[in-house]
Amino acid sequence: MTRGGPVIAVDGPAAAGKGTLARKLAEALGLPYLDTGLLYRAVGRLALDAGQDPAQPAERFAQALTPEDMLRKDLRLPDAALAASKVAAQPAVRAALVETQRRFAARQGAVLDGRDIGTAIFPDADVKLFITASPATRTLRRFLQSGGDPAAPDAQTQLQAMEDALRARDEADASRDSAPMRVADDAYVIETDTLDAQAVLAEALRFTRERLVAARG
Ligand code: CDP
């Protein structure tokens, strides 16, 4: 381990519960936490603010990103997710954000969640987790998380629209040429359809501790 602490990569598709897990994992291990999706969401937002189609070259927004941009309240909205996915497909945008992510973990190590942490940003991460669930489960979680009412008369229509958007984003993230989302060869996959957040954390912690102890020899 050449860094100041371990690097834990938490990758997976949209709304799989990566953020919740990564935050709790970081807390349990006493490590800093970075939600790398926020970087792409913020770049997408800046493109939208400028009246630009996020599919058009957005490198300049990535280069101009400030810590304040990451704190905006509108980064979690669905239009920011879609814009994020569009700017994230651009190699120049990804290249502009690599160093920020690597530097974040340099001093103390870190837990980072995203799509390409274990494959492209930290191929040598100490621990790699890939968190996933079926599209239906992930859609329902995101629906409830965003205040959706399952008893609303149009709940089924809303859920279907959300699932379509989520599948389209997963497809775009997994099929792009630049650092596509994929399971790293040495990642530990946790299927969370039948696990609650506490059970996912327990499983992730068990695996992480085992790996860290083994690495210490
Ligand atoms: O919260 P959710 O899983 O829906 O998305 P997110 O993690 O905030 O990421 C939003 C979008 O940013 C993704 O759909 C990806 O296109 C992109 N992203 C990426 O390409 N690489 C990362 N390390 C993180 C996010």
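About the cut-offs
Chains are numbered independently. Their residues run from 1 in the order of the written sequence. Given that the model is predicted, a residue must reach a pLDDT of at least 70 before its local features are reported, and side-chain atom pairs must reach 80 or more before they are shown or counted; all residues, however, enter totals for whole chains, interfaces and linings. By convention in this description, side-chain values take in all heavy atoms of the structure and omit both hydrogens and water. Axis definition: a line fitted to C-alpha atoms, limited for helices to the stretch in contact. Angles are taken between N-to-C directions and run from 0 to 180 degrees. By the criteria applied, helices consist of DSSP H or I runs no shorter than four residues and strands consist of E runs no shorter than two, each listed in order from the N terminus. Angles are sorted into four bins: roughly parallel if under 35 degrees, roughly antiparallel if over 145, roughly perpendicular if 65 to 115, and oblique for all others. In this scheme the handedness of a crossing depends on how the near helix is turned from the far one: anticlockwise by less than a right angle means left-handed, clockwise means right-handed. Contact criterion: two residues are considered in contact whenever any of their non-hydrogen atoms come within 4.5 Å of each other. Note on definitions: salt bridges are taken to be side-chain nitrogens of Lys or Arg within 4 Å of carboxyl oxygens of Asp or Glu. Working definition: with a 1.4 Å probe on protein chains only, accessible area under 20% of the residue-type maximum means buried, over 50% means exposed, and in between means partly exposed. For this purpose, a residue is taken to be near a molecule or strand whenever a single non-hydrogen atom of the residue falls within 4 Å of it. Counted as a polar contact is a pair of N or O atoms within 3.5 Å, where, for protein atoms, one must be capable of donating a hydrogen and the other of accepting one, and residues adjacent in sequence contribute only when both atoms are in side chains. In these tables, accessible area is a Shrake-Rupley quantity obtained with a 1.4 Å probe, and a residue counts as shielded only by the protein chains included in the view. Here a cavity means grid points, on a 1 Å grid over the protein atoms only, where a 1.4 Å probe fits yet cannot get out; a pocket means an open set of points with protein on both sides within 12 Å along at least five of seven lines; lining residues are those with an atom within 4 Å of a point. The way we define it, a molecule is inside a pocket or cavity when more than half of its atoms are within 2 Å of that pocket's grid points. By this rule, a helix spans an expected 1.5 Å times one less than how many residues it contains. Think of it this way: the bend at a residue is just the angle between two axes, each fitted to seven residues, one set ending at that residue and the other starting at it. Residues grouped as a nonpolar core are buried Ala, Val, Leu, Ile, Met, Phe, Trp, Tyr and Cys residues, joined through side-chain atoms within 4.5 Å. Grid points are joined across faces, edges and corners, and a volume is the space filled by probe spheres set on the points. Residue type decides the class: Asp, Glu, Lys and Arg count as charged, Ala, Val, Leu, Ile, Met, Phe, Trp, Tyr, Cys and Pro as nonpolar, and the leftover types, Gly among them, as polar.

**Focus on the packing of helix 1 (residues 18–29) against helix 9 (residues 197–216)**
Across the interface, helix 1 lies against helix 9 with an axial gap of 10 Å and an inter-helix angle of 50°. Classified by the interaxial angle, the pair formed by helix 1 and helix 9 is oblique. The handedness of the crossing between helix 1 and helix 9 is right-handed. Mapping the contact onto sequence places Thr20, Leu21, Lys24, Leu25, Ala28 and Leu29 in helix 1 and Ala197, Val200, Leu201, Ala204, Leu205, Thr208 and Arg209 in helix 9.

**Re the pattern of salt bridges**
Going through the model one piece at a time under the given rule, you end up with 15 salt bridges. For the salt bridge of Asp79 with Arg45, the shortest nitrogen-to-oxygen distance reads 2.8 Å. In this pair, Asp79 sits in helix 4 (residues 78–88) while Arg45 sits in helix 2 (residues 37–49), placing the two residues 34 residues apart along the sequence. The class of Asp79 is partly exposed, set by a relative accessible area of 38%.

**Observations regarding the site of the ligand**
Taken together, 18 residues are adjacent to the ligand, and Arg41, Arg94, Arg142, Arg169 and Asp173 come closest. Contacts to the ligand include Lys18, whose side-chain N or O atom sits 3.0 Å from an oxygen atom. Here Asp173 contributes a side-chain N or O atom positioned 2.6 Å from an oxygen atom of the ligand. Protein chains shield 98% of the accessible area of the ligand, which is 530 Å² for the free molecule. The cavity that encloses the ligand is the largest pocket. Of all the elements in the fold, those that place two or more residues in the shell around the ligand are helix 2, helix 4 and helix 8 (155–175).

**Structural notes on helix 5 (residues 91–106)**
The end-to-end C-alpha distance of helix 5, which contains 16 residues, comes to 23 Å, matching closely the 22 Å that a straight helix rising 1.5 Å per residue would cover. Taking the largest bend as the criterion, helix 5 deviates by roughly 30°, centred on Leu97. Listed in full, the buried residues belonging to helix 5 are Val93, Arg94, Leu97, Val98, Gln101 and Ala105.

**Things to note about the nonpolar core**
Counting 19 residues, the largest nonpolar core has Ile8, Val10, Leu21, Leu25, Val111, Leu129 and Ile131 as its most contacted members. Here this core takes six residues from helix 9, the largest share from any one element.

**Describing the environment of Ala133**
If you trace the backbone, Ala133 turns up in the loop between strand 4 (127–132) and helix 7 (135–145). For Ala133, a relative accessible area of 6% gives the class buried. Those residues in contact with Ala133, other than ones at most four positions away along the chain, are Arg138, Arg141, Glu191, Thr192 and Asp193.

**So, the layout of surface pockets**
Roughly 1,200 Å³ of internal volume is contained in the largest pocket. Considering the residues around the largest pocket, the lining is formed by 49 residues, among which Ala14, Ala15, Arg41, Arg142 and Arg169 are closest to the centre. Contributing elements (two or more residues each) for the lining of the largest pocket: helix 1, strand 2 (33–35), helix 2, helix 4, strand 3 (110–114), helix 7, helix 8 and helix 9. Here the lining of the largest pocket takes eight residues from helix 8, the largest share from any one element. Per-class residue counts for the lining of the largest pocket are 23 nonpolar, ten polar and 16 charged. Every residue along the wall of the second largest pocket is listed here: Leu34, Leu39, Ala62, Leu65, Thr66, Pro67, Met70, Ala96, Leu97, Thr100 and Phe104. Considering each element in turn, the lining of the second largest pocket owes the most residues, four residues, to helix 5. The residue inventory of the lining of the second largest pocket, partitioned by class, reads nine nonpolar, two polar and no charged.

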